[in-house]
Amino acid sequence: MFMNIQTIMVVGAGQMGSGIAQVAAQAGFRVILHDIRQEFVDRGRQTIEKNLARSVEKGKMSAEDKEAVLARLTLSVDLTDGRDADFVVEAVTENMGVKAEIFRQLDEICPAHTVLASNTSSLPITEIAAVTKRPEKVIGMHFMNPVPVMKLVEIIRGLQTADEVYQLTEDLAKQMGKVPVSVNDFPGFVSNRVLMPMINEAIYCVYEGVAEPEAIDEVMKLGMNHPMGPLTLADFIGLDTCLYIMEVLYEGFGDSKYRPCPLLRKYVKAGWLGRKSGRGFYVYN
Ligand SMILES: NC(=O)c1ccc[n+]([C@@H]2O[C@H](COP(=O)([O-])OP(=O)(O)OC[C@H]3O[C@@H](n4cnc5c(N)ncnc54)[C@H](O)[C@@H]3O)[C@@H](O)[C@H]2O)c1
């Protein structure tokens, strides 16, 4: 490939960004973790430190290695720090306006060789790429939550993504200890295109009184060997996120088979968002 990646910038230090920064630093890269406020990057670093400390406690990592990983991590509240990055992974809030503005700025800030990747779970990579003058160097790199634990990285080729950029991204995912899978840019990619309609259908089963949530989850766990039932999983992901992704599929394909279940809409309107709000299909304390 045409370049040797040394420095990776992660934009957005939330749940996903801090996990991506952690696995990148553990893989030996210099990492710049960026967010809009100092307290956000500090919180991201604390999460990483806590995760690494747990690995040391469990004997999976030495205390020296932990310090070495943290020493490779720098924090940033200034996007122009991207001038030092060979590869950027954007993991900010799931909003096209916000992401487009960041890609537009990164395109101006970063050197010509820098690849700009997005961790979006639903927005079109081709559309994000179109705001830059380097659409061939824009790609989707969809990590799963929690990043340090989950093996899969769905790598999404935009319409104009270059083959060498795909290859570089695939190699990078492997260096981070992940298993990359190649996917083309269509709504929901593969992960959410297959997962979300199943969750939505499970919600229809509640809506139509086919069975109670516990029964639906039990069928899928014991009958299909899923580690978690679809409604438990929906509560874990967040019902607002599930609704949002169903809407992306529904609008993206214009096909009624993706219509979000009215019960899902009702729960989200009521503020029943799942685990994070204390109530979804189940009640949490
Ligand atoms: N949570 C998941 O399960 C999951 C899984 C796969 C992909 N994703 C995707 O990852 C991305 C991030 O999700 P998350 O769960 O980490 O969200 P999060 O809310 O935990 O973190 C988002 C971070 O982005 C920061 N941010 C917002 N605007 C910014 C800007 N202009 N510049 C820099 N930072 C900015 C916020 O301050 C926040 O710290 C989204 O695109 C989401 O769709 C999420």
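Here the structure is a predicted model, which means the values were calculated and not measured.

Quick notes on the rules
- Residues numbered from 1 in each chain as written.
- Predicted model: local features only at pLDDT ≥ 70, side-chain atom pairs only at ≥ 80, totals over all residues.
- Heavy atoms only, no water.
- UniProt positions renumbered as here; feature names shortened; annotations may be inferred.
- 1 Å grid on protein atoms, 1.4 Å probe; cavity = no way out; pocket = protein on both sides within 12 Å on 5 of 7 lines; lining within 4 Å.
- Helix = DSSP H or I, 4+ residues; strand = E, 2+ residues; numbered from the N terminus.
- Core = buried A, V, L, I, M, F, W, Y, C linked by side-chain atoms within 4.5 Å.
- Buried < 20%, exposed > 50% of the residue type's maximum accessible area, 1.4 Å probe, protein only.
- Contact = heavy atoms within 4.5 Å.
- Domains from an automatic or database assignment.
- Buried area = accessible area lost by both parts, 1.4 Å probe.
- Polar contact = N/O pair within 3.5 Å; in protein donor to acceptor, adjacent residues only side chain to side chain.
- Nonpolar A, V, L, I, M, F, W, Y, C, P; charged D, E, K, R; others polar.
- Near = heavy atom within 4 Å.
- Sits in = over half its atoms within 2 Å of the grid points.

Undergrad: A description of the UniProt feature "binding site: NAD(+)" (unreviewed entry) in the chain should follow, citing residues and the corresponding values.
TA: As annotated by UniProt and renumbered to match this structure, "binding site: NAD(+)" (unreviewed entry) occupies G12, A13, G14, Q15, M16, G17, D35, E94, K99, S121, N145 and K276. Look at the named residues: they lie 265 residues apart in sequence, and the longest C-alpha span between them is 24.1 Å, so in the fold they stay spread out. In the annotation above, G12, A13, G14, Q15, M16, G17, D35, E94, K99, S121, N145 and K276 are the residues that line the largest pocket. Within the secondary structure, M16 sits in helix 1 (residues 15-26).

Undergrad: Let's hear about the nonpolar core: which residues, and what values?
TA: Within the largest apolar cluster, 39 residues are counted, with the highest numbers of intra-cluster contacts made by I8, F87, M141 and F143. It is helix 1 that provides the largest number of residues to this core, a total of six residues. When near neighbours in sequence (up to four residues on either side) are disregarded, F87 contacts I5, T7, I8, M9, T114, V115, A117, M141, L168, T169 and L172. With 24 residues, the next largest nonpolar core counts M196, A202, Y204 and C242 among its residues.

Undergrad: Describe the domain arrangement of the chain, listing the residues and the values that go with them.
TA: What the domain assignment reports for the chain is domain 1 (7-184) and domain 2 (192-275). Placing a centre on the C-alpha atoms of domain 1 and another on those of domain 2 gives a separation of 28 Å. Summed over both sides, the interface of domain 1 with domain 2 buries roughly 380 Å², with 53% coming from carbon and sulfur. At the surface where domain 1 touches domain 2, the tally comes to one residue pair in polar contact (both at pLDDT 80 or more). Residues belonging to the side of domain 1 that touches domain 2 are distributed by class as follows: one nonpolar, three polar and one charged.

Undergrad: Which residues make up the site of the ligand, and what values go with them?
TA: Taken together, 23 residues form the shell around the ligand, and within it M16, D35, E94, K99 and S121 come nearest. Contacts to the ligand include N145, whose side-chain N or O atom sits 3.3 Å from an oxygen atom. In a pocket analysis with a 2 Å cut-off to the grid points, the ligand is assigned to the largest pocket. Only helix 1, helix 2 (38-57), helix 4 (96-109) and strand 6 (138-143) provide two or more residues apiece to the shell around the ligand.

Undergrad: Which residues make up the UniProt feature "domain: 3-hydroxyacyl-CoA dehydrogenase C-terminal" (unreviewed entry) in the chain, and what values do they have?
TA: Following the UniProt record, one finds the feature "domain: 3-hydroxyacyl-CoA dehydrogenase C-terminal" (unreviewed entry) at residues 188-284. The annotated region residues 188-284 carries 63% helix and 0% strand content, and the separation between its end C-alpha atoms amounts to 29 Å.

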